[in-house]
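# Summary of the model geometry
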Amino acid sequence: MRRTALAALCLAAAATAGLTGCQPGQDSADSKPKGPFAGLSGGQITERALKATTDATSVRLKGRVTDDESKGVIDIDMAINHAGECAGTMSMDGEGKADLIKTGSTVYMKYDEAFLRAQSKGESKEDTQAAVDMLAGKWTKMAVKGQDAKDIASFCDLDSVLGDLSDGGTAGTTRGRTTRVDGTPAITLHEKDGKERYTAYVATEGKPYLLRVDSVSGGKEPEHLSFVDYGKPVPARKPAGEIIDLDAL
């Protein structure tokens, strides 16, 4: 169950990193683009978007990505910041939901029954029912000292999740049309890497934040990741009520 949570957050990072991972042709220097970001190539716009995004104090990631190991589809909705705090939810193949909060040196998680049963496939009925009886609908906690907790905590840190964004090249990005993303004026940017195609949307008003990344890969279900609520406080607070200490079990 903890690895499933980690997978969702890792994949969120991978989806954002896809924006800088390709190396096809560049914008023509003679195209002299006009309108928003006039005179800038797709790569130059990307660089501005990456700087604005990584400089943000916090952001909320919402979307759907594929877990390469299980081939399942993970839905995430997670707010994260540079202080290593996070709060949000995730689900696997639409089977139940898990809540995650990381604040201070503690990771808190809560699973519903459907999530526990889905993640217990292959286990005996007795073991599955025991897990459901003990954990369903209840908050659990782990100190950030075991490897699983450390891995999860690392992906609750905006620096870690977005760190790979600035590592790739941007020369292969091409400009697209202007549009709107949830009402925000934006410009589209395109990249291609073999069978994989990426479309990114960057705000054209205010700071050039990355708003959304879509990817399509040779017949696979499209993936998408939205970046919203820039700069808003992350609601990472210790849950109220009884909490099961997994480290003590």
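Check the entry above for the structure.
Conventions and cut-offs
- Within any chain, residue numbers begin from 1 and follow the written order of that chain's sequence.
- Local features in a predicted model are, by the rule used here, given only for residues with pLDDT of at least 70; side-chain atom pairs are given and counted only at 80 or more, and totals for whole chains, interfaces and linings are based on all residues.
- To get the side-chain values, take all heavy atoms of the structure and skip hydrogens and water.
- Working definition: helices are DSSP H or I runs of at least four residues, strands are E runs of at least two. Numbering for both runs from the N terminus.
- In a helix, the anticipated span is given by 1.5 Å times the number of residues less one.
- Throughout, a residue-residue contact means that at least one pair of heavy atoms, one from each residue, lies within 4.5 Å.
- Side-chain atoms within 4.5 Å are what join buried Ala, Val, Leu, Ile, Met, Phe, Trp, Tyr and Cys residues into a set we call a nonpolar core.
- Relative accessible area decides the class of each residue, using a 1.4 Å probe on protein chains only: under 20% of the type maximum gives buried, over 50% gives exposed, and in between gives partly exposed.
- Only strands that DSSP links by at least two bridges are regarded as paired with each other.
- Any pair of N or O atoms that falls within 3.5 Å is considered a polar contact. Within protein, one atom must be able to donate a hydrogen and the other to accept it, and sequence-neighbouring residues count only if both atoms are side-chain atoms.
- Cysteine sulfur atoms are paired as a disulfide whenever they come within 2.5 Å of each other.
- In what follows, salt bridge is the name for a side-chain nitrogen of Lys or Arg lying within 4 Å of a carboxyl oxygen of Asp or Glu.
- Axis lines are fitted to C-alpha atoms, over the contacting stretch for helices. Their N-to-C directions set the angle, which ranges from 0 to 180 degrees.

### Points about helix α2 (residues 42-55)
Because each turn of an α-helix spans 3.6 residues, side chains separated by three or four positions end up pointing in the same direction. Along its 14 residues, α2 runs 20 Å from first to last C-alpha, staying within 8% of the 20 Å computed at 1.5 Å per residue. Of the surrounding elements, those touching the buried residues of α2 are α6 (158-162), β7 (174-181), β8 (184-193), β9 (196-203), β10 (210-217) and β11 (223-228).

### Thoughts on the nonpolar core
One broad rule of soluble globular proteins: the nonpolar side chains tend to lie buried together. The biggest cluster of nonpolar side chains holds 50 residues, and the ones touching the most others in it are L61, I80, L100, V202 and F227. Setting aside chain neighbours within four positions, we find I80 in contact with S58, V59, L61, E85, C86, F155, C156, L158, V161 and V234. Among the nonpolar cores identified, the runner-up in size contains 8 residues, and A79, W139, V234 and I243 belong to it.

### Points about the environment of G63
Relative to the helices and strands, G63 is located in strand β1 (residues 58-66). A C-alpha to C-alpha distance of 6.7 Å links G63 and D77, two positions 14 residues apart in sequence. Residues in contact with G63, not counting those within four places in the same chain, are I74, D75, I76, H224 and L225.

### What about the pairing of β8?
Across 6 bridges, β7 lies against β8 in antiparallel orientation. Its bridge partner being in β8, R175 is matched across the sheet by L189. In this antiparallel pair of consecutive strands, β7 and β8, the connection spans 2 residues, and D182 shows a positive phi of 50°. Pairing geometry for β8 and β9, over 8 bridges, is antiparallel. Across the sheet, T188 pairs through a bridge with Y201, a residue of β9. Taking the residues that link successive antiparallel strands as the turn, the β8-β9 hairpin has 2 residues, and the phi of G194 there is positive, at about 65°.

### Concerning the side chain of D214
For D214, the location among the structural elements is in strand β10. A distance of 2.7 Å separates the side chain of D214 from the side chain of R212, its partner in a polar contact. Beyond its immediate sequence surroundings of up to four residues, D214 is in contact with R197, Y198, T199, Y201, E223 and H224.

### Observations regarding the state of the cysteines
Taken as a whole and assessed by the stated rule, the structure comprises 1 disulfide. Across the disulfide from C86 sits C156; the S-S distance is 2.1 Å. One end of the pair, C86, is in strand β3 (residues 86-92); the other, C156, is in the loop between α5 (147-154) and α6, with 70 residues separating them in the sequence. The residues C86 and C156 share a single accessibility class, namely buried.

### Focus: unusual backbone geometry
Backbone geometry at D93 places phi at a positive 55°, although glycine is not the residue there. For D93, the location among the structural elements is in the loop between β3 and β4 (98-103). Phi is positive for D229, close to 55°, though the residue is something other than glycine. Within the fold, D229 resides in the loop between β11 and β12 (243-245). Owing to a relative accessible area of 27%, D229 belongs among the partly exposed residues under this scheme.

### Thoughts on the pattern of salt bridges
Across all of its chains, the model carries 9 salt bridges by this definition. In this structure, the salt-bridge partner of R60 is D77, at a minimum N-O distance of 2.7 Å. Here R60 is found in strand β1, whereas its partner D77 is found in strand β2 (residues 73-81), with 17 residues between them in sequence. A residue is classified by how much of its surface remains accessible, and R60, at 25% relative accessible area, is partly exposed.

### Here we look at the sheet that holds β7
Strand order in this open sheet of 12 strands is β7-β8-β9-β10-β11-β1-β2-β3-β4-β5-β6-β12, and the pairing throughout is mixed. Two strands close off the open sheet at either side, each with one partner strand: β7 and β12. Strand after strand, the sheet turns through a mean of 20° between neighbouring axes, direction not considered. Sheet topology places β1 next to β11; 5 bridges connect them, and they run antiparallel. Within the sheet, the bridge partner assigned to L61 lies in β11 and is F227. In this fold α2 packs onto β7, β8, β9, β10 and β11, with an angle of close to 115° to the strand it touches most, β8.

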